[in-house]
Amino acid sequence: MDRDFGLTEDQREILAAVREFVREKAAPAAPGYEEKHELPRDLFRRLGEMGLAGIPYDERYGGAGQPFLTYLTVLEEVASGFFSLALTLSVHHLSASGLHRFGSDSLKEKYLPRLCSGEWLGAYALSEASSGSDAASLRTRADRSGDGSSYRLTGSKRFITHGGEAEYYLVMARTGGEGPSGISAFVIERGWEGFDFGKLEEKMGWHASPMRELLFEGCQVPAENLVGDEGEGFTIALAGLDSGRLGIAACSTGLAQAAFDAAVAFARERSQFGKPIIEFQGLQFMLADMATQIEAARRLYREVGRLRDAGGDYSQAASMAKLFASDTAMRVTTDAVQVHGGYGYMQEYPVERYMREAKALQIVEGTNQIQRMVIGRRLASS
Amino acid sequence: MDFQLSEDHITTQKWVHEFAEKEIRPVAAQYDETEEFPWPVIKKAAEIGLYSLEFYMESVAQDPTGLVLPIAMEETCWGCAGIALGIFGTGLPLSALAYSGTPDQIMKWAPQMFGTPNEPRVASLCVTEPNAGSDVSALRTSARRDGDEWVLNGQKIFATNGGQAKVHIVVATVDPNLGHRGQAAFIVGPDTPGLRPGKKEKKLGIRASDTSEILLEECRVPLDNVVGGPEKLEAKMEKARSSSTKQSAALKAFEMTRPSVAAQAVGIARAAFEFATQYAKERNTFGRPIIEHEGVAFKLADMAMEIDAARLLTYRAAWLARNGTFEHAEGSMSKLKAGETAVWVTEQAVQILGGYGYIKDFPVEKWYRDAKIYTIFEGTSEIQRIVISRALARN
């Protein structure tokens, strides 16, 4: 089966380079970074040098000018070797996408080249302690100064990937009244006065992807760092999430593939009752289901990527891809542990880590319950 | 037929629950983090008599319903499954000893497995090897007779309590030509030369539980230390040489302990379910508690139902283990259902907590990690399905 069926020559060439990088550099380094709970900044920088930190963005801002589909296939490939590194790329992309689509030319010229080169790392800040799925209820305030030249940010953000590590933050805050129309988006740099970081989250997995609280205590942000118009922030945030969901679908597929490959290799080598366990039908059927689900997840996210590249309305389809691929990753990684038996539960083998990594995929960028809401509401309204 | 628990059961339930709530739950996260063996908790359990030979010999053995042990297991695992395995891990070698041992052996070794309330000890049953997990008949650890001693050689892995135990019961092959019927269990007493713990495993969950490699190099034990005695072993092997295969005693003993393992899984599931329900009542999204959104409410309804179903299968199997026998693999059914339920319920609980489910500020992610072992150890889910389906083919 040609896994890359339907991709252009150009895309295949890029993937070949990425595969080599993943095999030679990223995958061997993954366990070390996970163990140390350290962001693989050097590997991210290397992705930047390869032109992979801004794949779908305009060439005039330093992007690669590639279709979104190219970016998704790269994410899948990286995730199959070093999951947290793919996550870094995905969150970086999410943070830049709102600026790329809605930002003023001068703001784009100022920040995008540094993001596309991989010199700077981006973070996306929407969630707060009491507003997760219900993001429109966020409370961080951004009050415009009397002369209109700046905003003062006060409040905090929770569960922010790259918090404290990134140089660039796309932050959603309330400039107006309650509800989604009172929210605006800002670009904020690390090091600005009144902008600090809270505690590092201790998580079940994703250890090489640090997550911190962001604290704003009267942080002054110049008015030109407002992305789009006042009140447009929630639209910007959601547009980013539509793309982000496809990214998570691609990451999920890569993670599932890694777990599946490990399970097949183990099942071929491990003998019980006088034959390799892969020859037992109960196990073979489990592997057959895993393979089928992974291939379906891959076809789905790639097709929705093509829909996005063609300019179609892909919001509902992106939710479907994220829901299906992350549920697949959860099931496949759990079954990969099961195929390994006792060995699967030990940290000596990678599959218990894959299983811990998969769980968060059903939670981030909109829980799978929110994806079902997005899909279901469209059905109810049309 | 009566579905009410007796006064005695309810007393046991309250007694163990109180201990789990006061002494286990508050330190669960700490032991999960450090992976240390919970000796202080075991000492407290020994002081109140929960960790004691008397608990097994009186409360458990004299309970006509078979429910006392599962009830105690569920409550302890509600506190922390890793710590519970420290407390109940000695039950495994004890049952191997009690099931086939001579009265003299039981009198001599059972007290040594537990130590005293002031100085508690634990024991370990060593069965699994690198190439013999589900396939117990493939054991390579050997027991060679040399005069009035047995000489044990081999490598055991994944032994619960292995690195902490004073008394080890080691399953080894005496006659490799007889498959599992050529195997026997050997008692290795405290500080016997030739037995040493190897690598201690780092695990996904149940991290308070010691899971260790045990290395046996020319480990010599007295002839009488074969469980059941040397005459019985000789008679068993003689019979095996002349007759066709029957189910081994070891496997039958495993089958009898399955409801207890199932009850542990139910305890974890219930802990996560209770926590998620409370959270769903308190957490607001879109202007109301999330328990009022059907997407969450229906999940909780299914969780409640699955836990009850698993517990009822567990109680039935526990009752049958005491009052009859398994005709339709009821023990395996209880373990399979409870293990799968624990994984599913704890996963749903993480999902209900959302981002808070994934971080270590809350206990739910730990319960999820702990639960997965219940589809693997004491017979994987696949082995349970083999046992159940073979019963179908046989009946």
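Residues numbered from 1 in each chain as written. Chains lettered and ligands numbered in written order. Predicted model: local features only at pLDDT ≥ 70, side-chain atom pairs only at ≥ 80, totals over all residues. Heavy atoms only, no water.

Some thoughts on the overall build of chain B
Link 1 in the chain: Looking only at helices and strands, chain B features 14 helices and 9 strands.
Link 2 in the chain: For chain B, the C-alpha radius of gyration of 21 Å lies close to 21 Å, the compact-globule estimate for 395 residues.
Link 3 in the chain: The dimensions of chain B, computed from C-alpha atoms along their principal axes, are 80 × 50 × 40 Å.
Link 4 in the chain: The buried share of chain B, reckoned over its 395 residues, is 56%.
Link 5 in the chain: When contacts within chain B are restricted to residue pairs at least 6 apart in sequence, long-range pairs at least 24 apart make up 74% of them.
Link 6 in the chain: For chain B, the exposed area adds up to about 16,600 Å²; of that, 54% sits on carbon and sulfur atoms.
Link 7 in the chain: Side chains of chain B carry 44 positive and 51 negative charges; the gap between the two charge centres is 4 Å. (Helix = DSSP H or I, 4+ residues; strand = E, 2+ residues; numbered from the N terminus. Rg over C-alpha atoms; globule rule 2.2 N^0.38 Å. Buried < 20%, exposed > 50% of the residue type's maximum accessible area, 1.4 Å probe, protein only. Contact = heavy atoms within 4.5 Å. Areas by Shrake-Rupley, 256 points an atom, 1.4 Å probe, with all protein chains shown as cover. Lys, Arg positive; Asp, Glu negative; His and termini not counted. Charge placed at Lys NZ, Arg CZ, Asp CG, Glu CD.)

Notes on helix H2 (residues 39-48) of chain B
Residues three or four positions apart in an α-helix share a direction because the helix packs 3.6 residues into each turn.
All names here are of chain B.
Link 1 in the chain: Among the residues making up H2, those that are buried are Val41, Ile42, Ala45 and Ala46. Down the axis of H2, the sector holding all buried residues measures 140°, keeping them to one side.
Link 2 in the chain: Buried residues in H2 make contact with helix H1 (7-34) and helix H5 (81-88).
Link 3 in the chain: Directly after H2, the chain includes glycine 49, whose backbone phi takes a positive value near 90°. (Arc of directions from axis to C-beta.)

Regarding the domain arrangement of chain B
All names here are of chain B.
Link 1 in the chain: For chain B, the assigned domains are domain 1 (7-114), domain 2 (123-242) and domain 3 (249-394).
Link 2 in the chain: Using only C-alpha atoms to locate each centre, domain 1 and domain 3 end up separated by 20 Å.
Link 3 in the chain: Facing the 25 residues of domain 1 at the interface are 27 residues of domain 3.
Link 4 in the chain: Around 2,200 Å² of area is buried between domain 1 and domain 3 when both sides are counted, 57% of it from carbon and sulfur atoms.
Link 5 in the chain: Considering only the surface of domain 1 that becomes buried against domain 3, Glu74, Trp78 and Tyr99 emerge as the three largest contributors, covering 26% of it.
Link 6 in the chain: Scanning the region where domain 1 abuts domain 3 turns up 4 salt bridges.
Link 7 in the chain: In this structure, glutamate 74 and arginine 311 form a salt bridge, with 2.9 Å as the shortest nitrogen-oxygen distance.
Link 8 in the chain: Linking domain 1 to domain 3 there are 8 residue pairs in polar contact (both at pLDDT 80 or more).
Link 9 in the chain: Of the residues forming the side of domain 1 that touches domain 3, the biggest block, 8 residues, is contributed by helix H4 (residues 68-79).
Link 10 in the chain: Counted by class, the side of domain 1 that touches domain 3 contains 16 nonpolar, 4 polar and 5 charged residues. (Domains from an automatic or database assignment. Buried area = accessible area lost by both parts, 1.4 Å probe. Salt bridge = Lys/Arg side-chain N within 4 Å of Asp/Glu carboxyl O. Polar contact = N/O pair within 3.5 Å; in protein donor to acceptor, adjacent residues only side chain to side chain. Nonpolar A, V, L, I, M, F, W, Y, C, P; charged D, E, K, R; others polar.)

Observations concerning the interface of chain A and chain B
Link 1 in the chain: With 45 residues of chain A in contact, the opposing surface of chain B contributes 46 residues.
Link 2 in the chain: In total, chain A and chain B occlude about 3,800 Å² of area from one another, counting both sides; carbon and sulfur atoms represent 58% of this.
Link 3 in the chain: It is A:Met204, A:Gln338 and A:Tyr345 in chain A that bury the most area against chain B; as a group they hold 21% of the surface buried on that side.
Link 4 in the chain: Between the two partners, chain A and chain B, sit 4 salt bridges.
Link 5 in the chain: Residue B:Asp361 pairs with A:Arg158 through a salt bridge whose shortest N-O separation is 3.3 Å.
Link 6 in the chain: Our count for the contact surface shared by chain A and chain B stands at 30 residue pairs in polar contact (both at pLDDT 80 or more).
Link 7 in the chain: Every element with two or more residues in the side of chain A that touches chain B is listed here: strand E3 (150-161), strand E9 (271-272), helix H8 (315-340), helix H9 (351-361) and helix H10 (368-381) of chain A.

Side note on the environment of B:Gln384
Residues and elements named next belong to chain B.
Link 1 in the chain: Its location among the elements puts glutamine 384 in helix H14 (residues 381-394).
Link 2 in the chain: Glutamine 384 sits 341 residues away from lysine 43 along the chain, and the two C-alpha atoms are 34 Å apart.
Link 3 in the chain: What glutamine 384 contacts, discounting residues up to four positions off in sequence, is Arg258, Ser332, Lys335, Leu336, Glu378 and Gly379.
Link 4 in the chain: At 2.8 Å, the side chain of glutamine 384 and the side chain of serine 332 are in polar contact.

Details of the pattern of salt bridges
Two side chains of opposite charge can pair, provided their charged atoms sit close to one another.
Link 1 in the chain: Scanning all chains against the criterion turns up 57 salt bridges over all chains.
Link 2 in the chain: The closest approach of N and O atoms between B:Arg241 and B:Glu234, which form a salt bridge, is 3.8 Å.
Link 3 in the chain: Take B:Arg241: its relative accessible area is 41%, and that puts it in the partly exposed class.
Link 4 in the chain: When its relative accessible area of 39% is taken as the criterion, B:Glu234 is described as partly exposed.
Link 5 in the chain: What emerges from the salt-bridge pattern is a single network uniting A:Asp4, A:Arg19, A:Glu76, A:Glu77, A:Glu295, A:Arg298, A:Arg299 and A:Arg302.

Quick notes on the packing of helix H1 (residues 9-36) of chain A against helix H3 (residues 68-81) of chain A
Residues and elements named next belong to chain A.
Link 1 in the chain: Between H1 and H3, whose axes approach to 8 Å, the crossing angle comes to 25°. In terms of orientation, H1 and H3 fall into the roughly parallel class. You can see that H1 and H3 cross each other, and the crossing is right-handed. Mapping the contact onto sequence places Gln11, Ile14, Leu15, Val18, Arg19, Val22, Ala27 and Ala30 in H1 and Leu69, Thr70, Thr73, Val74, Glu77, Val78 and Gly81 in H3. (Axes fitted to C-alpha atoms, helices over the stretch in contact; angles between N-to-C directions. Parallel < 35°, antiparallel > 145°, perpendicular 65-115°, else oblique. Left-handed = near helix turned anticlockwise from the far one by under 90°.)

Re the packing of helix H6 (residues 233-269) of chain A against H9(A)
All names here are of chain A.
Link 1 in the chain: Following both chains from N to C, one finds H6 and H9 inclined at 160°, their axes separated by 10 Å at the closest point. On the basis of the axis angle, H6 is roughly antiparallel to H9. Relative to H9, the crossing made by H6 is left-handed. Packed against H6, whose contacting residues are Ile248, Ser252, Leu255, Ala258, Ala259 and Ala262, the element H9 presents Val351, Tyr354, Glu357, Ala358 and Leu361 at the interface.
Link 2 in the chain: Here the contact of H6 with H9 is composed, by residue class, of 9 nonpolar, 1 polar and 1 charged.

Some points on the side chain of A:Asp4
Link 1 in the chain: Looking at where A:Asp4 falls in the secondary structure, it is placed in the segment before H1.
Link 2 in the chain: Setting aside anything within four residues of it in sequence, one finds A:Asp4 in contact with A:Arg12, A:Leu15, A:Arg19 and A:Arg302.

Notes on the packing of aromatic side chains
Two aromatic rings, taken as a pair, are described by how far apart their centres are and by the angle between their planes.
Link 1 in the chain: A full pass over the atoms with the stated rule returns 27 aromatic pairs over all chains.
Link 2 in the chain: Members of the aromatic cluster, joined through ring pairs, are A:Phe159, B:Phe275, B:Tyr356, B:Phe362 and B:Trp367.
Link 3 in the chain: The aromatic ring of A:Phe68 is capped on one face by A:Arg308, whose charged end is 3.8 Å from the ring centroid.
Link 4 in the chain: Directly above the aromatic system of B:Phe286 lies the positively charged group of A:Arg377, at a separation of 6.0 Å from the ring centroid. (Phe/Tyr/Trp six-rings, centres within 6.5 Å; stacked < 30°, edge-to-face > 60°. Lys NZ or Arg CZ within 6 Å of the ring centre and 35° of its normal.)

A word on the confidence of the model for chain B
Link 1 in the chain: Mean pLDDT over chain B works out to 94, with 97% of the residues at or above the 70 mark.
Link 2 in the chain: Quick note on the complex model: pTM equals 0.91, ipTM equals 0.86. (pLDDT = per-residue confidence, 0-100.)

Thoughts on the domain arrangement of chain A
All names here are of chain A.
Link 1 in the chain: Entries for chain A in the domain assignment read domain 1 (9-116), domain 2 (122-231) and domain 3 (235-381).
Link 2 in the chain: In this structure, domain 1 and domain 2 have C-alpha centres spaced 23 Å apart.
Link 3 in the chain: Contact residues are listed per partner, giving 25 residues for domain 1 and 22 residues for domain 2.
Link 4 in the chain: For the pair domain 1 and domain 2, the summed buried surface comes to about 1,900 Å²; carbon and sulfur atoms form 64% of the total.
Link 5 in the chain: Area buried by domain 1 at its contact with domain 2 is led by Leu39, Ser95 and Tyr111, which between them contribute 26% of it.
Link 6 in the chain: Its salt-bridge partner being glutamate 167, residue arginine 41 comes within 3.0 Å of it at the nearest N-O pair.

Focus: the nonpolar core
Link 1 in the chain: Core analysis: the largest hydrophobic core is formed by 193 residues, its most contacted members being A:Leu153, A:Leu287, B:Phe88 and B:Tyr374.
Link 2 in the chain: The biggest single contributor to this core is H6(A), with 14 residues.
Link 3 in the chain: Aside from chain neighbours lying at most four places away, what touches A:Leu287 is A:Phe260, A:Ala263, A:Val264, A:Ala267, A:Ile278 and A:Val339.
Link 4 in the chain: The next biggest cluster of nonpolar side chains, apart from the first, holds 29 residues, and it includes A:Tyr61, A:Leu115, A:Leu126 and A:Ala237. (Core = buried A, V, L, I, M, F, W, Y, C linked by side-chain atoms within 4.5 Å.)

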